[in-house]
Amino acid sequence: MPQFDLRINGKTHQVDGAPDDSLLSVLRYELNLTGSKFGCGEGQCGACTVLVDGLAVRSCVTRIGPVAGKAITTIEAIANGDALHPVQEAFIEADAFQCGYCTTGMVMATIGLLRTTPNPSEAEIARLMDRNVCRCGAYPRIVKAIKLAVDKNRQAGIRS
Amino acid sequence: MDEPTARAASAAIEPERYELAEPGRYRFDLDRRGFLRVLTAMGGGLLVISTVPVVAQQETGRGGAQGLATDALAGWLHIGPNGRVTVYTGKVEIGQNVRTSLAQTVADELCVPMGVISLVMADTDLTPFDPGTFGSRTTPTMAPQLARAAATAREMLLDLAAAHWQVARQTLGIKDGTISDSLGHTISFGELTRGQNLTGVVSSQAPEESRDRWAVRGEPLHKVNARDIVTGRHEYPPDVIRPNLLVGRVIRPPALGATVKTVDDSHARAMPGVIVVRDGEFIGVVAPNERLAKTAAAAVVVEWNLPTGLPTSETIFDYLRQTAQPAQGRGGGGDPLGAAASPPSASPTSTRSFDATYRIPYIAHVPLEPRAAVAEWTGDKVTVWTGTQRPFGVRSDVARAFHLADDRVRVIVPDMGSGYGGKHTVDAATEAARLAKAAGRPVKIVYTRAEEFMWGYFRPAGVITISAGVDAAGRLAFWHFDNYNSGSSGLNTPYAVAAKREQFHSAESPLKQGSYRGLAATANHYAREMQMDAIARALGRDAVDFRLAHITDPRLRAVLTTVARKAGWPNTSRPGLGLGIACGTEKGSYIATAAEVSRTPDGFKVERLVAAFECGAIVNPDGLRHQVEGAIVQGLGGALFESIRFADGKILNGTMAQYRVPRFRDVPPIDITLIDRRDLPSAGAGETPIVCVAPAIGSAVRAFGTVDTALPVALKA
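Residues numbered from 1 in each chain as written. Chains lettered and ligands numbered in written order. Predicted model: local features only at pLDDT ≥ 70, side-chain atom pairs only at ≥ 80, totals over all residues.

## Here we look at the sheet that holds strand β1 (residues 3–8) of chain A
Residues and elements named next belong to chain A.
Here's step 1: In space, the 5 strands of this open sheet follow the order β2-β1-β5-β3-β4, with mixed pairing throughout. Here the strands that pair on one side only, and so sit at the sheet edges, are β2 (11–16) and β4 (55–58). Averaged over all adjacent pairs, the angle separating strand axes in this sheet is 40°, with direction ignored.
Here's step 2: The pairing of strand β3 (residues 49–52) with β4 spans 4 bridges and is classified as antiparallel. The residue of β4 that forms the bridge with V50 is V57. (Pairing = 2+ DSSP bridges. Helix = DSSP H or I, 4+ residues; strand = E, 2+ residues; numbered from the N terminus. Axes fitted to C-alpha atoms, helices over the stretch in contact; angles between N-to-C directions.)

Dropping the structure here:
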């Protein structure tokens, strides 16, 4: 069975598998990184969102072959020790979740969004986040959290 | 294992109209000495137990309370020597925020900071029996129960302190987990109880704290475990990992009702590390990882006997009428099928009648967390971590499947990824237990999205017929309302009518159906409110005035007039829009909703929603606003696009790509007014706000043409 070097959260893992194995399956079942959630397996709900080279991708439909060697970041590496990432803080302050099952995916998608669009309008948020589903319907608060995160980033001088 | 029996038992308790009152066959057979042993094992301290009937009365309408444990002893609250407070409740946290709101209740009554309280929830070995988390019962029944337990502990602590200092009890103050006397001495709860084994018994008659003295309750606190959620540290049921965990898959028939003809599992059995389990109709595989489990499942070749002649999503409405049983339930007099269509003899004064038939499709809950379970056997006892709204019910299902006593099964429900009424029965628990038994190691099952659609259950489809008459003075003279299959919640009209008959008829459902947020109240409100709107229009009456002329309940009047005012009724915010309104009451709370819509080339778009909600005294305003907002957004799905398509026992749109749920772009600005009535007891709030979304939108869309008498809302071509 072929081996793949997956660089996840700054650490390289050698994973046995086929090139079209799902990244989410490897994260959850072989590396015990369960912060990325399984919601649909179709790339439709965004609960499994991770960053690959800084861009938000749906890990359930991402194959390990093409991402071998790239920088993969999961929710487990977003907080800096006890210090939460501004986006995580914003989600708590805006109370932007109910059951919270979509939240880690929403946080990752927001981080990806703000890298490409640092100051999105509400219409841009709705368009660019549209493939992340919150079945509890916390959308208005998630929009509020994203705007709050923009302010926090601005205060912290994070622009990248 | 007798799998078909287990399934049949599950199916028998699913329909929402029975609101799932599993008889309370369970007892906490510990006596008071038993609890003392438990307390000793906890390191001493103070334990509050109760002798009250711990099982809430259910809304079954069929006297389902027989056999309930009425004199059980249950442990509710423990204060440890370190001052930590542990609260035990069989309720489940599914996103409705009760882990926080129940802690607020205890903090208030016990006079401790929120930070020292931990809730142990939904662990059948540790928490008192609970029938399940549904019916918006947690705040109305569990919060007062925990308040009484906390108040009992508080009074015992004051007695202890009074004895300790040899002073009169009324000279003492109590705050932040500490008692102080008039001389400035202080002693903490932990110090007071250290080295002791104290049990207190709370009675159902214990007085409740007056609501005007709430301090922590009424505050908009953040969720207590928010940090674990945003960091991904919280373990949802599919995230549970056990040592030596294996991964399981069940081989599912391609259609509901299909049975096994032949099986060839030789290829799967030949795979290293794979175990194939066959037991009657049950076929499953176990493998060391998900990838191999999937491959092994695909390698099992099954020929199926497929069902034929089943109704489809097109023929279902005729089918429900044809298979309907004689009427039952409220307002019904056992009238034969079709009586609603016959001319009402009791209404000689009526001058105009209005008849309509409404069609309600099956819809899916689509909890983002699919059904999942991890099962682990230790000897003849199995522990199952799973996501369910009925931990004790699932315990019973698993026990029955393996012919075990209930105490040989422990069900633990970690705070889970939502339910909306869709996780009352969870076969994944039994399936994981069966596979784990065969493998001799813990096994995890997580349903695929397609499995969740097909092997969960749906909100029932239904047909609702209304025949209403209005007299010469413009008042409702008669109201005949017949609901076929969708359910009896919200069946009764809140409007004053001289003669009314409201009936529910059960029917055969080709799909698995069960509970859903708001149950049938959404369907019944849709039909009733659309009909009220149609009648008002036909009479040339204002839709709000027409309703108010038939409403005596001041609470319903208050939400309706509030929404009308907030929405600017009857004027739209700009020309060319449609404005609609609806109101209702269910489960003791009151909702009115207004919707403003615009015309689009392919139909309409919801531009704005306005809602007013009243559920008595508000415990956590932010949590409540969350619930109201969420219910409204969820209601948008059923109002605008959700509908299960099916044929031949197969779900034709059972994927997230095909079954559309509300997304960011679907959500308009939502203006919510919460009416806080501290003078009234708190009613549940997680469900009722959903019921008026569809009729408000439907009536608004009537500005653009004739609206079909069906859900989702659509203009007639």
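Now that the structure has been shown, we can carry on.
## A few points about the nonpolar core
Grouped burial of nonpolar side chains is what soluble globular proteins tend to show.
Residues and elements named next belong to chain B.
Here's step 1: One finds V285, A373, A432, V563, A611 and I697 to be the most contacted residues of the largest nonpolar core, which totals 257 residues.
Here's step 2: Considering each element in turn, this core owes the most residues, 10 residues, to helix α4 (residues 138–165).
Here's step 3: A611 has contacts with V563, I591, A592, T593, V628, I632, I670, I672 and P689, leaving out every residue within four places of it along the chain. (Core = buried A, V, L, I, M, F, W, Y, C linked by C-beta atoms within 7 Å. Buried ≥ 20, exposed ≤ 12 C-beta atoms within 10 Å, placed from the backbone. Contact = placed C-beta atoms within 7 Å.)

## What to know about the domain arrangement of chain B
Residues and elements named next belong to chain B.
Here's step 1: When its domains are assigned, chain B resolves into domain 1 (31–226), domain 2 (237–307 + 371–446) and domain 3 (316–363 + 458–704).
Here's step 2: In this assembly, 22 residues from domain 1 lie in contact with 21 residues from domain 3.
Here's step 3: Elements supplying a minimum of two residues to the side of domain 1 that touches domain 3: α3 (98–110) and α4.
Here's step 4: A per-class count over the side of domain 1 that touches domain 3 returns 5 nonpolar, 12 polar and 5 charged. (Domains from an automatic or database assignment. Nonpolar A, V, L, I, M, F, W, Y, C, P; charged D, E, K, R; others polar.)

## Observations concerning the interface of chain A and chain B
Here's step 1: Counting residues at the interface gives 45 residues for chain A and 46 residues for chain B.
Here's step 2: Elements with a contribution of two residues or more to the side of chain A that touches chain B: α1 (23–30), α3 (86–93), α4 (103–116), α5 (122–128) and α6 (139–156) of chain A.
Here's step 3: Here the side of chain A that touches chain B is composed, by residue class, of 23 nonpolar, 14 polar and 8 charged.

## Details of α3(B)
Residue and element names in this part refer to chain B.
Here's step 1: For α3, spanning 13 residues, the distance from its first C-alpha to its last is 18 Å, which sits close to the expected 18 Å at 1.5 Å a residue.
Here's step 2: Most of α3 sits out of view: 13 of its 13 residues are buried.
Here's step 3: Positive phi appears at C111, one or two residues downstream of α3, with a value of about 60°. (Expected span 1.5 Å × (residues − 1).)

## Remarks on the sheet that holds strand β18 (residues 443–446) of chain B
Residue and element names in this part refer to chain B.
Here's step 1: The mixed open sheet is built from 7 strands, whose spatial order is β11-β12-β9-β18-β15-β16-β17. The sheet is open, and its two borders are formed by β11 (275–279) and β17 (409–412), each paired with just one other strand. For this sheet, the mean inter-axis angle between neighbouring strands, taken without regard to orientation, is 25°.
Here's step 2: Note: strand β9 (residues 246–250) against β18, 2 bridges, orientation parallel. Bridge pairing in β18 places L246 opposite V443.
Here's step 3: In the packing of helix α8 (residues 290–299) onto the sheet, contacts are made with β9 and β12 (282–287), and the angle to β12 comes to roughly 145°.

## Things to note about the environment of A:V57
Residues and elements named next belong to chain A.
Here's step 1: Secondary-structure assignment places V57 in strand β4.
Here's step 2: Measuring from C-alpha to C-alpha, the distance between V57 and G41 comes to 13 Å, with 16 residues separating the pair along the chain.
Here's step 3: Setting aside residues no more than four positions away along its own chain, V57 makes contact with V50, V52 and T62.

## Focus: unusual backbone geometry
Here's step 1: Along the chain, B:W569 connects to B:P570 via a cis peptide bond; the corresponding omega equals 5°.
Here's step 2: By the secondary structure assignment, B:P570 is in the loop between α15 (554–567) and β22 (578–586).
Here's step 3: Look at the link from B:L711 to B:P712: it is a cis peptide, with omega at -10°.
Here's step 4: Tracing the chain through its elements places B:P712 in the segment after α17 (693–701).
Here's step 5: Despite not being glycine, A:N32 has its phi angle at roughly 55°, a positive value.
Here's step 6: Positionally, A:N32 belongs in the loop between α1 and β3.
Here's step 7: The exposed category is assigned to A:N32, around which 11 C-beta atoms lie within 10 Å.
Here's step 8: Even without being a glycine, A:D53 presents a positive backbone phi close to 50°.
Here's step 9: Within the secondary structure, A:D53 is located in the loop between β3 and β4.

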